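For reference, the chains in residue letters:
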Amino acid sequence: MAQLAAVVGVGQTKYKTKRKDVSIAGMVREAAVGALEDAGLTWKDIDAVIIGKAPDMFEGVIMPELYLTDALGCNGKPMLRVHTAGSVGGSTAIVAASYVQSGVFKRILTVSFEKQSESNAMWALSNPQPFSPHLNAGAGGYFAPIIREYMRRSNAPYDAGIKVAVKDRLHGAKNPLAHLQLPEISMKEVEDSPMLWEPLRFLEACPSSDGACAMIIANEELATKSPRKPAWIRGAAMRSEPTMYAGREQVNPQAGIDCAKDVYAQAGIHNPRKDLDCAEIYVPFSWYEPMWLENLGFADVGKGWELTMSGATSLTEGGDIPWNPSGGVLCSNPIGASGMIRFAEAAQQVRGEAGAHQVDGAKTAMGHAYGGGAQFYSMWVVSSEKA
Amino acid sequence: MRDVAIVAFAQSNCQRDAGAQNEVELIMPVLSEVFKQTGIKSAQDVDFTCSGSCDYQQGAAFAFVAGVDALGAVPPIKESHVEMDAAWALYEAWLKIQMGHAESALLYGFGKSSPGELPIVLSQQLDPYYLAPLWVDTIAFAAMQARTMLDSGEITEADMAEVVARSRNNALANPHAQLKGDQTAADLLKEATYVSPLRLHDCCPISDGACAMIICTIEKAEEWGKPYAIIKGIDHRIETHHIGSRDLSRSVSTEIAGEAVGVKNGKVDVAELYAPFSHQEIILKKALGLGDDTVINPSGGVLAGNVMMASGLSRIGEVAMRIIRGEATRGVAHATSGPCLQQNLVTVLEAK
């Protein structure tokens, strides 16, 4: 049976366009040292390192974990590298948790990062695949038609995306690590920003960030002795489906629905809106909030935008189910780390360590990541209570 | 740790250039073969799937996404991927089984190295600030390692040629091998050096291909009614990336992993070692404490064919199949990654 495991330390870098002051190793180490300090530990307390990042072409370094061994104090220890596209930060956390939940390891370090300024993500995402038509679209171009289909089906008002863009930036203004700091942002400013991929405007898209996120995950015995509150991992799930197949439901993908059901069943969540106190969900483009509200069962199909428009997902408006109190991917997007940031921020909420963007009394929270053509999913539920 | 069974393994032929075959076409035949061996129909019939591949081999981001197309993941499946040799995908799945979240798992690794110049491509695996800009390729690094061993008198060029001659001879019985032949060490030593002190035959070939495996709990293997080999232990370790900080004549990470899985706790009938260069087999044999009573690389090893990202899992599969066929009762399989054996995985397999 799976052993209990908990997040006992979190470390994040400041997210920004270019971290010119550090190498890749320096940036990753900064997050790792932060997690060790948070957990009151040193390098010798770590049994293994599990590292994740999105495609190697984002930095132009093949299997960078080989080079990062020394910076992560991993000489003589196990090192594993996960890559599951945009969901990788979440998948990495789940694989890292399995090192402890299996009973094979007592305490491990997991790190995810992206230093997008080393390369050009748009290029790395759109280079031609052998034997495949060249889309040359980047992520926004890929998702825009799917969003338009969502708008058509749901009759959502044109400004639901604008509302999400404002809400997440107001959240991010409470998080000193967030890349975009836009405390004065308004609906009008978002609406007036240039249209990139109809219906996505410039301010409805995530930035391109450098940054790293790290967590220490420990078994029950060690977590109980940890100096700060642990975030107990109550459920973790992954699902994949192909990018394309005849009849694929792209607006509300089956893999996301199945993954959510799986993680809720493990964590005893019957009604996610009621049973969770907050959620950190991968929303790189504004409209994915209402779409994922439906996919994850927070709202009925076609009604996700109503939750968004009502302010239910807003921390600043006192909503009952704040989504992305940290500011989310719309404020900071070091791609390979973005999923792990969601997972780590969920942990910080239930540990009571989220600072100015803390949701009062949060006990149970969800972390979510997706990747590829909205086909790879990873999710976990963490809680201040063991069971 | 609970025992885990290997019930099926398949590998493609190692080919220098798979031509217009894409990932799906490379992967599907080996998937079909392991499904057939296990008596199941699809990836939905196992609890977890994990693969290993590297984008830079074929030269495009997300090589593994194409791999998912080979799985027919409709309805959706529980699936993960390592940007590593698939031997580490096996490790991830082994953990899932240990924690009770899966009873069975499908693993596959694939690589299409032919589109690029692999040794040069792999130079971009080095420290991006201090080493990669020098474009030191994998062969140059291996040559340096061989040179230190020759200079210290630990090995001779004849020892290296013996490794190659045995590999090529063993490969005669391996239908998947790319390089095979009955040359003697003396014949091989007559060839000119390629990157001194390495001759071309001291270096593994470049191959395209794939392999797949199915593992499960012992209970599940009994339920399926299939013969199996048992994973008694599996461990992986990494060491410093800085070549100058390492004793290149040793593989410390292999030593630690070998100790952790108890290689020395019994007679080792057979060992498959992932040694891309002839002298590295000698290093690995020493690191694992293998004696002359162990048959090493009966398949011919990767000197006879090296599908990067699949070769490590294939080493494990080769040993498992020999145990299942009753040719051995206890064996060791090894996988490696990185320059000069930087990262290593060791597993001990036994008959039931």
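Residues numbered from 1 in each chain as written. Chains lettered and ligands numbered in written order. Predicted model: local features only at pLDDT ≥ 70, side-chain atom pairs only at ≥ 80, totals over all residues. Heavy atoms only, no water.

**Student:** I'm lost on the overall build of chain A in this one. Help?
**Tutor:** Summing up its helical and strand segments, chain A has 14 helices and 11 strands in all. For a compact globule of 387 residues, the expected C-alpha radius of gyration is about 21 Å, and chain A comes in at 19 Å, within 12% of that figure. On the principal axes, the C-alpha backbone points of chain A span a range of 55 × 45 × 45 Å. Relative to its 387 residues, chain A shows a buried fraction of 67%. Taking the contacts inside chain A whose residues are at least 6 apart along the sequence as the reference set, 78% of them involve residues at least 24 apart. Counting every atom, chain A has about 12300 Å² of accessible surface; 53% of that belongs to carbon and sulfur. (Helix = DSSP H or I, 4+ residues; strand = E, 2+ residues; numbered from the N terminus. Rg over C-alpha atoms; globule rule 2.2 N^0.38 Å. Buried < 20%, exposed > 50% of the residue type's maximum accessible area, 1.4 Å probe, protein only. Contact = heavy atoms within 4.5 Å. Areas by Shrake-Rupley, 256 points an atom, 1.4 Å probe, with all protein chains shown as cover.)

**Student:** Please clarify how the layout of surface pockets should be interpreted in this entry.
**Tutor:** Over the atoms rolls a probe the size of a water molecule, and in doing so it shows where empty space is left. Residue and element names in this part refer to chain B. If you add up the space inside the second largest pocket, you get close to 650 Å³. Taken together, 36 residues make up the lining of the second largest pocket; nearest its centre are L118, T138, I139, C204 and F277. Elements with a minimum of two residues in the lining of the second largest pocket: α5 (118-121), α6 (138-151), β5 (193-195) and β11 (330-337). When residues of the lining of the second largest pocket are assigned to their parent elements, the largest contribution, four residues, is made by α6. For the lining of the second largest pocket, a count of residues per class yields 23 nonpolar, eight polar and five charged. (1 Å grid on protein atoms, 1.4 Å probe; cavity = no way out; pocket = protein on both sides within 12 Å on 5 of 7 lines; lining within 4 Å. Points joined across faces, edges and corners; volume = space filled by probe spheres on them. Nonpolar A, V, L, I, M, F, W, Y, C, P; charged D, E, K, R; others polar.)

**Student:** I tried to follow empty space enclosed by the protein on my own but got confused; where do I start?
**Tutor:** Residues and elements named next belong to chain B. One pass over the full model with this rule turns up four cavities of 30 Å³ or more. As for the largest cavity, its lining consists of 17 residues, and the residues nearest its centre are Q11, C14, G305, S314 and R315. Broken down by secondary-structure element, the contributors of at least two residues to the lining of the largest cavity are β7 (208-217) and α12 (311-324). It is α12 that contributes the most residues to the lining of the largest cavity, three residues altogether. Looking at the lining of the largest cavity, its residues break down into seven nonpolar, nine polar and one charged.

**Student:** Please clarify how the packing of helix α1 (residues 23-38) of chain B against helix α3 (residues 63-71) of chain B should be interpreted in this entry.
**Tutor:** Axes are the key here: two packed helices are described by the angle between their axes and the distance separating the axes. Residue and element names in this part refer to chain B. Axis separation between α1 and α3 bottoms out at 8 Å; the angle between their running directions is 45 degrees. Comparing the axis directions of α1 and α3 gives the class oblique. Both α1 and α3 take part in a crossing whose hand is right-handed. Together, E23, V24, I27, M28 and L31 of α1 and A63, A66, G67, D69, A70 and L71 of α3 make up the contact between the two elements. (Axes fitted to C-alpha atoms, helices over the stretch in contact; angles between N-to-C directions. Parallel < 35°, antiparallel > 145°, perpendicular 65-115°, else oblique. Left-handed = near helix turned anticlockwise from the far one by under 90°.)

**Student:** Is there a simple way to explain the environment of E191 of chain B in this structure?
**Tutor:** All names here are of chain B. Along the chain, the position of E191 falls in the loop between α8 (185-189) and β5. A relative accessible area of 35% places E191 in the partly exposed class. E191 sits 108 residues away from S299 along the chain, and the two C-alpha atoms are 24 Å apart. Once residues within four sequence positions are removed from consideration, E191 is found in contact with R199 and H201.

**Student:** Help me understand the packing of α6 of chain B against helix α11 (residues 278-287) of chain B, please; the structure alone is not making it clear to me.
**Tutor:** All names here are of chain B. Between α6 and α11, the least distance of the axes is 9 Å, while the angle of their chain directions is 60 degrees. In terms of axis orientation, α6 runs oblique to α11. The element α6 and its partner α11 pack so that their crossing is left-handed. In contact with A142, Q145, A146 and M149 of α6, α11 contributes H279, Q280 and I283. Across the contact of α6 with α11, the residue classes break down as four nonpolar, three polar and no charged.

**Student:** Got a minute to help me understand the pairing of strand β12 (residues 343-351) of chain B in this structure?
**Tutor:** Within a regular strand, the side chains alternate between the two sheet faces. Residues and elements named next belong to chain B. Of all the nine residues making up β12, seven are buried; the element is thus mostly covered by neighbouring parts of the structure. Where β11 meets β12, eight bridges bridge the pair, whose relative direction is antiparallel. Bridge pairing in β12 places A333 opposite T347. Hairpin connection from β11 to β12: five residues lie between these consecutive antiparallel strands, with G338 at a positive phi of about 90 degrees. (Pairing = 2+ DSSP bridges.)

**Student:** So what exactly am I meant to see when it comes to the interface of chain B and chain A here?
**Tutor:** When the parts come together, some accessible area is lost, and that loss is often what is quoted as the size of the interface. Between chain B and chain A, the residue contacts involve 60 residues of the former and 59 residues of the latter. In this assembly, chain B packs against chain A so that about 5000 Å² is buried in total across both faces, 64% of it on carbon and sulfur atoms. Interface area lost by chain B to chain A is led by Y56, M99 and I238 of chain B, which between them contribute 13%. Across the contact surface, chain B and chain A share one salt bridge. The shortest N-O distance in the salt bridge between D262 of chain A and K78 of chain B comes to 3.9 Å. Connecting chain B to chain A are 18 residue pairs in polar contact (both at pLDDT 80 or more). Per-element accounting of the side of chain B that touches chain A gives the leading share, seven residues, to helix α4 (residues 86-98) of chain B. (Buried area = accessible area lost by both parts, 1.4 Å probe. Salt bridge = Lys/Arg side-chain N within 4 Å of Asp/Glu carboxyl O. Polar contact = N/O pair within 3.5 Å; in protein donor to acceptor, adjacent residues only side chain to side chain.)

**Student:** I would appreciate a short explanation of helix α5 (residues 138-154) of chain A in the present structure.
**Tutor:** Helical geometry note: an α-helix holds 3.6 residues per turn, so side chains three or four residues apart project in the same direction. Residue and element names in this part refer to chain A. Between its first and last C-alpha, α5 extends 25 Å over 17 residues, near the 24 Å set by a 1.5 Å rise per residue. Taking the largest bend as the criterion, α5 deviates by roughly 30 degrees, centred on A144, and proline P145 comes between one and four positions later. When we look at burial in α5, the residues that qualify are G138, G140, F143, A144, I146, I147, Y150, M151 and S154. Where α5 ends, the next residue or the one after it, N155, has phi of about 55 degrees, a positive value. (Expected span 1.5 Å × (residues − 1). Bend = angle between axes of the 7 residues up to and from the residue.)

Spatial relationships are all this shows, so hold off on functional conclusions.
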